Amino acid sequence: MEMESTFHRNALSAPLAVAANDGALPTDVLRDVLLRLPADELCRLRLVCRSWRSLTSDPILAKAHSSRHVLVVGLRPGCHGMEVQFLDPFSGRTVKRIRLGQTWNGHDLSAHHCQVYISERYLADKTYVLNPTTGSFTMLPNPGMVTENENIRGVIYESVFGRVPFTGEYKALRIHRERWYPNKTELSYYVATLGGSKDITWRLKPWPPVRVSLEYRENTVVNGVVYFWLHLDPAISDEMAAFDLAAEEWSDTLLRGPLSSHNIRVKEQERVHFSLANLNGCLVSICDFYEDCSMDIWFLMDPDKELWTKQYSLRTDGTIFIPLWILDDGRVLIWVNRVEELRAYDPRTSTWTNLSTVERFFDVGMYHGSLLCSDIAY
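These lines cover the structure that appears in this document, whether it is placed above or below. Worth saying up front: this structure is predicted, and the values here are computed from it rather than measured. (Residues numbered from 1 in each chain as written. Predicted model: local features only at pLDDT ≥ 70, side-chain atom pairs only at ≥ 80, totals over all residues. Heavy atoms only, no water.)

Most of strand E2 (residues 81-87) sits out of view: seven of its seven residues are buried. Taken together, E2 and the strand that follows it, strand E3 (residues 94-99), pair antiparallel across an intervening segment of six residues, in which Gly 92 is found at a positive phi of about 75°. (Buried < 20%, exposed > 50% of the residue type's maximum accessible area, 1.4 Å probe, protein only. Helix = DSSP H or I, 4+ residues; strand = E, 2+ residues; numbered from the N terminus. Pairing = 2+ DSSP bridges.)

And the structure:
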């Protein structure tokens, strides 16, 4: 850690020396040095001179920087309202924080590429799309069919946010369900396209062909498709439904999960929880077995053949483990919810490393965009 701090101090003093020596340091070497610095320090270098501002604002440099620096984005209540924080998971240092100035009332957070989506679960008109580079956010309109009486009835607004790969459009799928009667099927599904127009409208969509689960972490977006677990006992089935954000329609067929694809039966009375995640662009099924404190992480290798492979099997300690990302060295970055820790699991040695502890985080995700430049095309 001392060596890293010394490197940062030396790098920060480099621009003055470079300017004094009339650019003696080669540009490619200079870029390599800059890529090693965190985003907040790079932004401060823009104040040195115009040439440094131009270099640190280069979209190519910004994109290369974001691929090297994995960031965790978290949502927490602050003394002045709700706050979004971007963290270096290895040091726990806050790289950037953005205050939304809203009171905390049960928000959900979802990040895709260079946008962050924040939705209020209990109020219809509290949904935001955040631009982390500028710190600005857009408040999404209230769907036309939502009324104030819904809040009295206890309506919950579930939201899923994703990006269509071949068009670059961001879309939100919003689901309205009754809070006090979760088993009822009176649901409303809306889709909105975000960005490109100030007139954002919600389009009413049909129900899925089967009943899907709306529980926490039981849906995810991968390559523009939203996957939902079915609302069934996993001992009976681990199938899932799919909603295509580009076509804005449900798939006619169900996707079998890893257990049913491999004819694996869960033991009677064995408590198991299934969740879904997007790990490095791949659909992942997470099987959490409570009795023996273990977790299996299955990757979908071929959707057409329903081919799943179990790439990780690890021991847990009874708390809620949420896999976030696969690091370059093969370790799994995991958020431990109840103790609010970021840990890394090494499958080669079956060992854990505690990376950092962050207090009062209520929801976390991975941020894959750049905090340096706002006009990067991903």
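Time to look at the pairing of strand E8 (residues 155-163). Burial of E8 is extensive: nine of the nine residues sit out of reach of the surface. Residue alternation in E8 divides its side chains into two sets, Val 155, Tyr 157, Ser 159, Phe 161 and Arg 163 and Ile 156, Glu 158, Val 160 and Gly 162, and both sets are buried. Counting the residues in the hairpin turn of E8 and strand E9 (residues 170-178) gives six residues, including Gly 168, whose phi is positive at 80°.

What follows is about the sheet that holds strand E13 (residues 225-229). Taken together, four strands build an open sheet; the order of strands is E12-E13-E14-E15 and the sheet is antiparallel. Whereas interior strands pair on both sides, the edge strands pair on one side only; in this sheet they are strand E12 (219-222) and strand E15 (249-250). In the sheet, E12 pairs with E13 via four bridges, with the strands oriented antiparallel. Residue pairing in the sheet places Asn 219 in a bridge with Phe 228 of E13.

Quick look at the sheet that holds strand E11 (residues 203-205) now. A sheet is described by the order of its strands in space; here four strands give the open sequence E8-E9-E10-E11, paired in antiparallel fashion. Edge positions in the sheet fall to E8 and E11, since each has one partner strand and no second. Taken pair by pair, the neighbouring strands of this sheet meet at an average axis angle of 25°, ignoring direction. In terms of strand pairing, E9 meets strand E10 (residues 188-194) through seven bridges, oriented antiparallel. Across the sheet, the residue bridging to Ile 175 is Tyr 189, located in E10. (Axes fitted to C-alpha atoms, helices over the stretch in contact; angles between N-to-C directions.)

On to the side chain of Glu 83. Following the sequence through the fold, Glu 83 ends up in strand E2. Side chain to side chain, Glu 83 and Arg 97 meet in a polar contact 3.3 Å long. Those residues within four positions of Glu 83 in sequence are excluded, and the remaining contacts are Gly 74, Leu 75, Arg 76, Arg 97, Ile 98 and Arg 99. (Polar contact = N/O pair within 3.5 Å; in protein donor to acceptor, adjacent residues only side chain to side chain. Contact = heavy atoms within 4.5 Å.)

The subject of this paragraph is the packing of aromatic side chains. Each aromatic ring pair is described using two quantities: the centre-to-centre distance and the angle formed by the ring planes. As enumerated under the stated definition, the model contains 10 aromatic pairs in all. A centroid spacing of 5.0 Å and a plane angle of 5° characterise the contact between Tyr 117 and Phe 161, whose relative ring orientation is stacked. On the criterion of sequence distance, the pair formed by Tyr 117 in strand E5 (residues 115-120) and Phe 161 in strand E8 is long-range, its members being 44 residues apart. Neither residue differs from the other here; Tyr 117 and Phe 161 are each classed as buried. When the centroid spacing of 5.1 Å and the interplanar angle of 50° are considered together, the rings of Trp 229 and Phe 274 count as tilted. Of the two residues, Trp 229 is situated in strand E13 and Phe 274 in strand E16 (residues 272-279); the sequence distance between them amounts to 45 residues. For the pair Trp 229 and Phe 274, one class covers both residues: buried. Three or more aromatic residues joined by ring pairs form one cluster here, namely Tyr 189, Phe 228, Phe 243 and Trp 250. (Phe/Tyr/Trp six-rings, centres within 6.5 Å; stacked < 30°, edge-to-face > 60°.)

Glancing now at the environment of Gly 135. Inspection of the secondary structure puts Gly 135 in the loop between strand E6 (127-130) and strand E7 (137-139). Taking the C-alpha atoms as reference points, Gly 135 and Leu 371, separated by 236 residues in sequence, lie 9.8 Å from one another. Among all residues touching Gly 135, those that are not within four sequence positions of it are Ile 98 and Leu 130.

This brings us to the pattern of salt bridges. Inspection of the entire model under this criterion finds 11 salt bridges. Its salt-bridge partner being Glu 83, residue Arg 99 comes within 3.3 Å of it at the nearest N-O pair. Remark: Glu 83 occurs in strand E2 and Arg 99 occurs in strand E3; sequence separation between them is 16 residues. Accessibility expressed as a relative area gives 6% for Glu 83, which makes it buried. Through salt bridges with shared partners, a single ionic network connects Lys 171, Arg 203, Lys 205 and Glu 248. (Salt bridge = Lys/Arg side-chain N within 4 Å of Asp/Glu carboxyl O.)

This next bit is on the nonpolar core. By size, the foremost hydrophobic cluster in this structure holds 41 residues, and its most contacted members are Leu 34 and Leu 194. For Leu 34, the residues in contact, after removing those within four places along its chain, are Leu 42, Leu 45, Trp 52, Leu 55, Thr 56, Leu 61 and His 65. Of all hydrophobic cores here, the second largest spans 18 residues; its members include Met 240, Leu 276, Cys 287 and Trp 298. (Core = buried A, V, L, I, M, F, W, Y, C linked by side-chain atoms within 4.5 Å.)

Within the fold, Ser 313 resides in strand E19 (residues 307-315). On the basis of relative accessible area, Ser 313 is assigned to the partly exposed category, the value being 45%. Linking Ser 313 and Cys 287, residues 26 residues apart in sequence, is a C-alpha distance of 9.5 Å. Here Ser 313 is in contact with Met 295, Asp 296 and Tyr 345, once residues within four sequence places are set aside. Reaching out from Ser 313, the side chain makes a polar contact with the side chain of Asp 296 at a distance of 2.8 Å.

What follows deals with helix H2 (residues 27-35). An α-helix turns once per 3.6 residues; consequently, residues spaced three or four apart project the same way. Where H2 is concerned, the buried positions are Leu 30, Leu 34 and Leu 35. The buried residues of H2 occupy an angular sector of 135° when projected down its axis, which confines them to one face. (Arc of directions from axis to C-beta.)

Further remarks concern unusual backbone geometry. Positive phi, close to 50°, is recorded for Glu 306, a residue that is not glycine. Note that Glu 306 resides in the loop between strand E18 (294-302) and E19.

Everything listed here is a matter of geometry and, on its own, says nothing about what the molecule does.
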